[in-house]
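Breakdown of the fold
Here are the chains, one letter per residue:
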Amino acid sequence: MSVLEILNDRQKEAAAQLDGPVLILAGAGSGKTRVLTNRTAYMIDEAGVSPWNILAITFTNKAADEMRERIDRLVGFGSESIWVATFHSTCVRILRRHIDLLGFDNNFTIYDPDDSKSVMKDVLKRLQIDTKQYPEKRFLNWISSCKDELSTPADEEEYARGDYADELFAKVYREYQLSLQKNNALDFDDLIMKTVELFKAFPDVLENYQNRFLYIMVDEYQDTNTAQFELIRLLAAKNRNICVVGDDDQSIYKFRGANIRNILDFEKVYPDAKVIKLEQNYRSTQTILDAANSVIKNNGARKDKALWTDRGEGERIVFAQTDTAYEEAELIVDRICRERRAGKSSFGDNAVLYRTNAQSRLLEEKCVMAGIPYTVVGGVNFYSRKEIKDILAYLKTIDNGRDDLSVRRIINVPKRGIGATTIGKLADHGAANDLNFYECCKQADDILGHNRASEKIAEFVDLISVFRTQSEFISISELIETIIKRIDYEGMLIEADEDEAKERMENIGELINKAVAYEESADEPTLSEFLEEVALVADIDGVDSDADRVMLMTLHSAKGLEFPNVYIAGMEDGLFPSYMSICSDDPGEIEEERRLCYVGITRAMNRLTLTAARSRMTRGETQYNAVSRFINEIPSELFESGYAKKSAEKKPPNSTGAVATKVRPAAVLPKHQKPFIAKATAFTDLKKGADINLQTAPDYGPGDRVMHMKFGQGTVLSVEKGTRDYEVSVEFDSAGVKKMFAAFAKLKKI
DNA sequence: CGTACTAGTCTTTTT
DNA sequence: GACTAGTACG
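Residues numbered from 1 in each chain as written. Chains lettered and ligands numbered in written order. Predicted model: local features only at pLDDT ≥ 70, side-chain atom pairs only at ≥ 80, totals over all residues. Heavy atoms only, no water.

We now examine the environment of alanine 63. Relative to the helices and strands, alanine 63 resides in helix α3 (residues 61-74). The spacing of alanine 63 and aspartate 219 is 156 residues in sequence and 9.0 Å in space, taken between C-alpha atoms. (Helix = DSSP H or I, 4+ residues; strand = E, 2+ residues; numbered from the N terminus.)

Shown next, in the form of structure tokens:
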């Protein structure tokens, strides 16, 4: 049976059209991932395309992993040699090989926004620019937009001509780039821009990739920016087999440079493009779709679409307004508990979505009080935690001594008696003699004279060189453990704050787990590659959608996901749509918020609950907000009666009968928990398939008690033989049921 | 050189 | 209200 068999006619058409440019306009819930995966399977199994010639680009690692897994289940073999990756990791992969052509070292480091900020501070200080008048953020945002648009410092200088402010910006941009280059570092935006630069400057390199990627697919095309558009255009220029999938109504990343014209004008750029619309929605009830459609139709320029479903009317939408944000959180938590007690849903069926991360706090508090297991997506990124950044700075220093930022971060962590004066002297010397900071440390004796300070520096240099030597012989996880022990990081944490220390050490434990997982999944694990994977992790990537937990996240993070029950909190004018968008002169800003609302509504499969509070605390001040205009855009007959009253206490009528509310579609998300980032496998080729080293069977079996580093004690439920490893399912006493690979989990029988 | 306090910022969303 | 960066002082 053909892999296309299970698709509907439109989907089939989209999947079977392999040659030439293809634009798939895929409405929310119309099965676009299914089309992409089955299209790929069709290429390999039925059209004789080599997996090696396929490139699939997504925005998040999570999406990439899911796509690979689903393809894997469809094709017999070879899926591991498809290049499935995010824009950023694709570019890193290419730059690692060729960036020396642009004057960088191939083992460059990737700076996160935090690092970029430090560099910017330094630049502004050097140029003696008053940060009160011109805050760093403004420069950084502006530089980021330049890079999204592929504009170089030279372009900006040219453009500025005479205007003082513009010239200042251009000068800062130039200085900032020089600083990065000196540190042998790239920021996130550079990854895309430099790759385009590389392809334009070295056509032979580009051709090499054009010859490899005969078939290119891009997911979430509505969110591409100019640089990404150009990257794809270049790669596809020779063979023109480019298939893009997206939904202009779900374009929600304009603030990050996404250009909605990329999808709206696809047919202008590729006049011979085949355009296919997927309009049948398999996710939501008619009521939910009606609500989504009635909101989005208030937007101007959009591709005409009419989503429909045969799932029936379903339950009405609930709207509830409370007096305070506190009560709002209570109401939501209350409903979730009640539903669950009534056997109508499990915790994992529910997601609470909101506009701003700050809203998560109250919801979290209420969940804790009610004893509800929950997961917050986003907020403070795991990798921006202090302890993680410290350890990573050690690793970066060991890996690439040219990264001044990392060296300076750890030179006095833990305290070694090396102060700001000493660091300043070394940094000045470095700037004057064009040396990087670590080199100056090595020559501290000459620079500072032989004294206490230079002795301390020498000790530090020794320490790093010992680690460097060790790193040649031991694994990354062992290296981390060695560092922790050698510098007594735990002791340092305990001294700083005993209560916090435990949690911080647990986070480091988690980092070690991730290092182990990486080493297991990579062909030839290297420290550089590990560091780059870690740099490109998104909040949503590590989320396990199968755990029975309520999910709390921003509307942005929710894109691409679906849940039986969705709550959208904070439906208030000034919060959602945001105050900024309401005040803006550009009506496009409200339209973007409306698309965000559309995304939120269409996440719901069976039931949608919208809530608002009359007052809430923002920045320590109480604000009184009106009900969101988006609520008024939904026809009142779609709401359950009792709308706008204190409908909290009112029992929802569940007599609609048309739709069974307990149905949990099988297609939600892949089953097994991903061992961290599987991106490394994205680039392995067929060699690996031939050389499968199956783990030896674990020494435990169903019923045995085992111990896990992070989750503590638990009971083994099952042990299944997978393709590369044994997949173990364990019920932990405190953490619930987890599925994991035996090799990564390092379970100990007890 | 290290600590403790203060002032300022943040809150729109993120690879 | 929380966190951070910068400053003054021991």
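Attention now goes to the packing of helix α17 (residues 386-399) against helix α26 (residues 527-535). Relative orientation of the contacting elements α17 and α26 amounts to 140°, with a least axis distance of 10 Å. One element, α17, and the other, α26, form an angle in the oblique class. Between α17 and α26 the crossing geometry is left-handed. For the pair formed by α17 and α26, the contact residues are Leu392, Leu395, Lys396, Ile398 and Asp399 on the first element and Leu527, Ser528, Phe530, Leu531 and Val534 on the second. Taken together, the residues of the contact of α17 with α26 sort by class into 7 nonpolar, 1 polar and 2 charged. (Axes fitted to C-alpha atoms, helices over the stretch in contact; angles between N-to-C directions. Parallel < 35°, antiparallel > 145°, perpendicular 65-115°, else oblique. Left-handed = near helix turned anticlockwise from the far one by under 90°. Contact = heavy atoms within 4.5 Å. Nonpolar A, V, L, I, M, F, W, Y, C, P; charged D, E, K, R; others polar.)

Before going further, it helps to examine the confidence of the model for chain A. Across chain A, the average pLDDT comes to 83, with 88% of residues at 70 or higher. Confidence drops under a pLDDT of 50 for residues 643-696, and excluding neighbours within four residues, the segment shows 127 contacts in the predicted structure. (pLDDT = per-residue confidence, 0-100.)

Remark: a regular strand shows side chains that alternate across the two faces of the sheet. Burial runs high along strand β1 (residues 22-26): 5 of the 5 residues are buried. Neither face of β1 is open: one carries Val22, Ile24 and Ala26, the other Leu23 and Leu25, and all of them are buried. One ladder, built from 5 bridges, connects β1 with strand β8 (residues 274-278); its direction is parallel. Looking across to β8, one finds that valine 22 is bridged to lysine 274. Here β1 runs beside strand β7 (residues 242-246); their pairing, made up of 4 bridges, is parallel. The residue bridging leucine 25 from the neighbouring strand is glycine 246, located in β7. (Buried < 20%, exposed > 50% of the residue type's maximum accessible area, 1.4 Å probe, protein only. Pairing = 2+ DSSP bridges.)

The subject of this paragraph is the state of the cysteines. Counted by the stated rule, this structure contains 0 disulfides. There is no disulfide at cysteine 91, and the cysteine sulfur nearest it, in cysteine 146, is 18 Å away. With no disulfide partner, cysteine 583 has as its closest neighbouring cysteine sulfur the one in cysteine 597, 19 Å distant. (Disulfide = S-S within 2.5 Å.)

Here we come to a negative patch on the surface. A cluster of acidic residues, Asp445, Asp446, Glu455, Glu459 and Asp462, forms a negative patch at the surface. Elements with a contribution of two residues or more to the negative patch: α21 (444-448) and α22 (452-471). Relative to the helices and strands, glutamate 455 is located in helix α22. The exposure class of glutamate 455 is partly exposed, given its relative accessible area of 41%. (Patch = residues over 30% accessible without salt bridge, like charges linked within 9 Å, V, L, I, M, F, W, Y side chains within 5 Å. Areas by Shrake-Rupley, 256 points an atom, 1.4 Å probe, with all protein chains shown as cover. Salt bridge = Lys/Arg side-chain N within 4 Å of Asp/Glu carboxyl O. Lys, Arg positive; Asp, Glu negative; His and termini not counted. Charge placed at Lys NZ, Arg CZ, Asp CG, Glu CD.)

Phe59, Arg256, Arg355, Thr421 and Thr422 are the nearest of the 28 residues found near DNA strand B. Considering the 4 Å shell around the protein, atoms of DNA strand B inside it are sugar or phosphate in 57% of instances. One of the backbone nitrogen or oxygen atoms of glycine 419 is found 3.1 Å away from a phosphate oxygen of DNA strand B. For the surface near DNA strand B, the element with the highest residue contribution is helix α19 (residues 420-433), accounting for 3 residues. When grouped by side-chain class, the residues that make up the surface near DNA strand B number 8 nonpolar, 13 polar and 7 charged. (Near = heavy atom within 4 Å. Polar contact = N/O pair within 3.5 Å; in protein donor to acceptor, adjacent residues only side chain to side chain.)

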